[in-house]
Amino acid sequence: MTFRGRLLAAGLLLAVAPLAFFGVRARHDVAARLRALDQRRVDGLATVIQEELARQSDAVGVRLDRLAEAMAGDNRLRVALRGRGADRAWLLDYAGRAMRLSGLGVLRIQDEDGRVLSSGHFRNEYDVVDPALPAALRRAGNAGALVAMPTASGSILALARARAVRIGARDLTLVGGVAVDQAFLDRLARGTGLDVRLIGAPGVGPGPAASARAAVGPAHANAVTTPAPGTVSTAHGVEAAPQIPGATNAGYVRTVPIAAVNAVGETRVEIRASSGPLQTVLRGLDRWLALTLAAAVAFALLLALLVSARLSRPVATLAGKAARLDLDRLDVSFATRRGDEIGTLSRALDRMTARLRASATRAREAERRATIGDMARQVNHDVRNGLIPIRNVVSHLAQLARERPDELATVFRERQQTLESSVAYLQELAANYARLSPQAERRPCDLNAIVRDVAREAAEGTRLERTPGSEPENEQDSEPPTESPTPAVALDLDPRLPAVEADPVALRRIVENLVVNALESLEDGGGRVTVSTGAAEDALVLEVTDTGRGMQPDERERIFQDFYTTKAGGTGLGLSIVRRIVGDLGGRIAVDSTAGAGSRFTVQLPAHPRRSPEANT
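Residues numbered from 1 in each chain as written. Predicted model: local features only at pLDDT ≥ 70, side-chain atom pairs only at ≥ 80, totals over all residues. Heavy atoms only, no water.

Focus on the overall build of the protein
Counting its secondary structure elements, the protein contains 14 helices and 17 strands. Within the span of the protein, comprising 617 residues, buried residues form 39% of the whole. Look at the contacts in the protein between residues 6 or more apart in sequence, and 68% of them connect residues 24 or more apart. Within the structure as shown, the protein displays about 33100 Å² of accessible surface, and the carbon and sulfur contribution to it stands at 56%. (Helix = DSSP H or I, 4+ residues; strand = E, 2+ residues; numbered from the N terminus. Buried < 20%, exposed > 50% of the residue type's maximum accessible area, 1.4 Å probe, protein only. Contact = heavy atoms within 4.5 Å. Areas by Shrake-Rupley, 256 points an atom, 1.4 Å probe, with all protein chains shown as cover.)

The following block contains the structure:
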């Protein structure tokens, strides 16, 4: 994985991981708080329902007591109970009238044998024998119980109680109660939004739905079906509970047991807090969390891209500079003012390049010494070859002078050609070796003085003298001087510039080549060349700036190569020689150029440590 890829991955991890952790934690806390709230609501409603069922049972008992008192003083009822004539029909409707006046939902009057004498909720119950129901209700006591009561349209559930009343010589039982239907359950819910259901309805056991006949008595008593989970019992049977789309109804559940006299299984009121609202809230929270995560990922990617680009750009710049380094190209500068790790690496590379330049200088010096040794041997060989004939002639003449002096003049004339030929050979050999570059002699030099001399020659319009091989870049060979005046060379010299340790001839060659190259880059004699000097960190800085035609990037990369030129007739050796001389002096050279906007050559040379800055003032 690349450095930028690692930064992107780290940025994503740092942005998404904490957000995902806290998002999941917040979701868990919200769900726990909502569930706890539902639990408190359900528990509170369970307490209220228990109290409400007790209150309803007490209210039914009070109504039955009042009805018993009224029946005890009703003479017509006494007569009707004897079974005389029209009073029989009146007795059949008595329970219906009493039920409506008392506000009961069901009412049945039974005799001591359990025979139904009058039924307010189902007139056809007359003469049905059901002794078990009054007995069971009496056992239930004041708490009452759920019973399944038949009606013309089916069975209904009622919270019922029983009261004994004696009218004349007869002992009667009043069975009355309030209907437990959907409206009753809704009143129990009290608008809390909780689901209140009746589970294990009377008349049904754990198996298939059975007839209530065994518990209730008569053959025409209707069976009641157990409400399935998620349903409520109504007056018309079983009705599905409302569902929230996309949500489950699994939530916190609390039950309130309730007695049922004609049920095989347990009957209870179930209070359920539907998880639908919780799921809705959690889905909304999940959507916001997903959107937040997506936004965080996008922001993290953008930030990581910007940071990685900012961090990798200087690294790429360092890599590009390092790629240009070789033993013949050690003038690359890694100097920087950055104070971070990139700056530390740049300064380390700069120090390494300086050491490489020093090592290359020592290697070239060693190579030069080896070359000089080879040259010395060659010179010795060549000189010996030239001296041997001279030695032989001189020896011969010396012998003649001792032995036959009279022949000396004749022999000298005969051997004179040999002597002259050998001397000419040695003179030509000396001339050839004299044309070779002499060994540089380094001493403290005044760079400002050299710059002034070169600038003065340029201002006088004279063609600058150059040593062999110091042709500037793009120079036209044998080009005669034009009539146009030489462009001015502006100087910006530091008067406190320290001395530079260099060979004066080599230093002048550097300045001359750069100035001539800058002058020749000006078109039609126009423009300006500026030469400036300064000091920075134990080094001297020479800058030659022109407003000439400048260079393209590919030209700038090859400008210091041997024999590279962009002008017909140029040798392409001027800047190459400048780079080698600068390297031999332990310095470095750099160029900054833009096509059409001119160029700036910067040379840094080590200062002389023993020369004070005032020396050049």
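Topic: the confidence of the model for the protein
In the predicted model, the protein carries a mean pLDDT of 76, and 78% of its residues have values of at least 70. Put simply, helix α7 (residues 213-216) is where the protein has its lowest mean pLDDT, 30, and strand β1 (residues 106-110) is where it has its highest, 94. Note on residues 462-485: pLDDT under 50 across the span, and 58 contacts to partners over four residues away in sequence or across chains. When the criterion is pLDDT under 50, residues 610-617 qualifies, and its contacts beyond four places in sequence or with other chains add up to 17 contacts. (pLDDT = per-residue confidence, 0-100.)

Regarding the sheet that holds strand β17 (residues 598-606)
A sheet is described by the order of its strands in space; here five strands give the open sequence β12-β14-β15-β17-β16, paired in mixed fashion. Each edge of the open sheet is held by one strand with a lone partner, namely β12 (489-492) and β16 (588-594). Neighbour to neighbour, the strand axes of the sheet diverge by 15 degrees on average, direction disregarded. Summarising the sheet, strand β14 (residues 529-535) and strand β15 (residues 539-546) pair through seven bridges and their orientation is antiparallel. Paired with T530 across the bridge in β15 is T545. In the packing of helix α12 (residues 504-521) onto the sheet, contacts are made with β12, β14, β15, β16 and β17, and the angle to β15 comes to roughly 20 degrees. Across the sheet, helix α14 (residues 574-584) touches β16 and β17, and the angle it forms with β16 is around 145 degrees. (Pairing = 2+ DSSP bridges. Axes fitted to C-alpha atoms, helices over the stretch in contact; angles between N-to-C directions.)

Some thoughts on the packing of α12 against α14
Interhelical geometry of α12 versus α14 gives an angle of 145 degrees and a closest axis separation of 10 Å. Helix-helix and strand crossings are classified by hand; for α12 and α14 the assignment is left-handed. Together, A506, R509, I510, N513, L514 and N517 of α12 and G574, L575, I577, V578, I581 and V582 of α14 make up the contact between the two elements. The residue makeup of the contact of α12 with α14, split by class, is eight nonpolar, three polar and one charged. (Left-handed = near helix turned anticlockwise from the far one by under 90°. Nonpolar A, V, L, I, M, F, W, Y, C, P; charged D, E, K, R; others polar.)

A word on the environment of I167
Mapped onto the secondary structure, I167 falls in strand β4 (residues 154-167). Judged by relative accessible area, which is 3%, I167 ranks as buried. Taking C-alpha positions, I167 is 9.8 Å from E69, a pair spaced 98 residues apart along the chain.

With respect to the nonpolar core
Core analysis: the largest hydrophobic core is formed by 46 residues, its most contacted members being I49 and M71. Here this core takes 10 residues from helix α1 (residues 3-72), the largest share from any one element. Those residues in contact with I49, other than ones at most four positions away along the chain, are L188, V196, V256, V269 and I271. Within the second largest apolar cluster, 40 residues are counted, among which are A455, L542, V582 and I589. (Core = buried A, V, L, I, M, F, W, Y, C linked by side-chain atoms within 4.5 Å.)

Things to note about α12
With 18 residues, α12 extends 26 Å from end C-alpha to end C-alpha; this agrees with the ideal 26 Å at 1.5 Å per step. Judged by how many residues are buried, α12 sits mostly within the fold: 15 of 18 residues are covered. (Expected span 1.5 Å × (residues − 1).)

With respect to the environment of G343
Among the secondary structure elements, G343 is positioned in helix α9 (residues 341-403). Along the chain, G343 and P314 lie 29 residues apart, while their C-alpha atoms are 9.2 Å from each other. Contact partners of G343, with chain neighbours within four places excluded, come to T336 and R338.

Description of the sheet that holds β4
Within the open sheet, the five strands sit side by side as β2-β1-β5-β4-β3. Their pairing is antiparallel. Edge positions in the sheet fall to β2 (116-119) and β3 (145-151), since each has one partner strand and no second. Pairwise comparison of adjacent strand axes, ignoring direction, gives a mean angle of 35 degrees for this sheet. Alignment of β4 against strand β5 (residues 170-179), held across 10 bridges, turns out to be antiparallel. Counterpart to R163 in the pairing with β5 is L174. Here helix α4 (residues 94-102) sits on the sheet in contact with β1 and β2, set at roughly 140 degrees to β1.

Section: the side chain of R197
Within the secondary structure layout, R197 lies in strand β6 (residues 195-199). Judged by its relative accessible area of 2%, R197 falls in the buried class.

Describing the pattern of salt bridges
As enumerated under the stated definition, the model contains 19 salt bridges in all. Taking the shortest distance from any N to any O, the salt bridge between D43 and R254 comes out at 3.0 Å. Taken together, the residues span a long stretch of sequence, with D43 in helix α1 and R254 in strand β9 (residues 253-257) at a distance of 211 residues. Of the residues examined, D43 reaches a relative accessible area of 23% and is grouped as partly exposed. Owing to a relative accessible area of 29%, R254 belongs among the partly exposed residues under this scheme. Two residues, D93 and R123, come together in a salt bridge whose shortest N-O distance is 2.7 Å. Of this pair, D93 sits in the loop between α3 (87-92) and α4 while R123 sits in the loop between β2 and α5 (132-140); the two residues are 30 residues apart in sequence, bridging distant segments of the chain. By relative accessible area, which is 44% here, R123 ends up partly exposed. Through salt bridges with shared partners, a single network forms among E52, R55 and R190. (Salt bridge = Lys/Arg side-chain N within 4 Å of Asp/Glu carboxyl O.)

What to know about a nonpolar patch on the surface
A cluster of nonpolar side chains, namely F299, L303, V307 and L311, defines an oily patch on the protein surface of about 350 Å² accessible area. With respect to the secondary-structure elements, F299 resides in helix α8 (residues 276-323). Classification of F299 by relative accessible area gives exposed; the value is 56%. (Patch = residues over 30% accessible without salt bridge, like charges linked within 9 Å, V, L, I, M, F, W, Y side chains within 5 Å.)

Section: α14
With nine of 11 residues buried, α14 is to be regarded as a mostly interior element. Taken together, the buried positions of α14 are occupied by G574, L575, S576, I577, V578, R579, I581, V582 and G583. Two residues or fewer after α14 comes G586, characterised by a positive phi angle close to 80 degrees.

Notes on unusual backbone geometry
In this model, D127 sits at a positive phi of 75 degrees, which is unusual for a non-glycine residue. Within the secondary structure, D127 sits in the loop between β2 and α5. The exposure class assigned to D127 is partly exposed, which follows from its relative accessible area of 38%. Phi is positive for R190, which is not a glycine, with a value near 55 degrees. Relative to the helices and strands, R190 resides in the loop between α6 (182-189) and β6.

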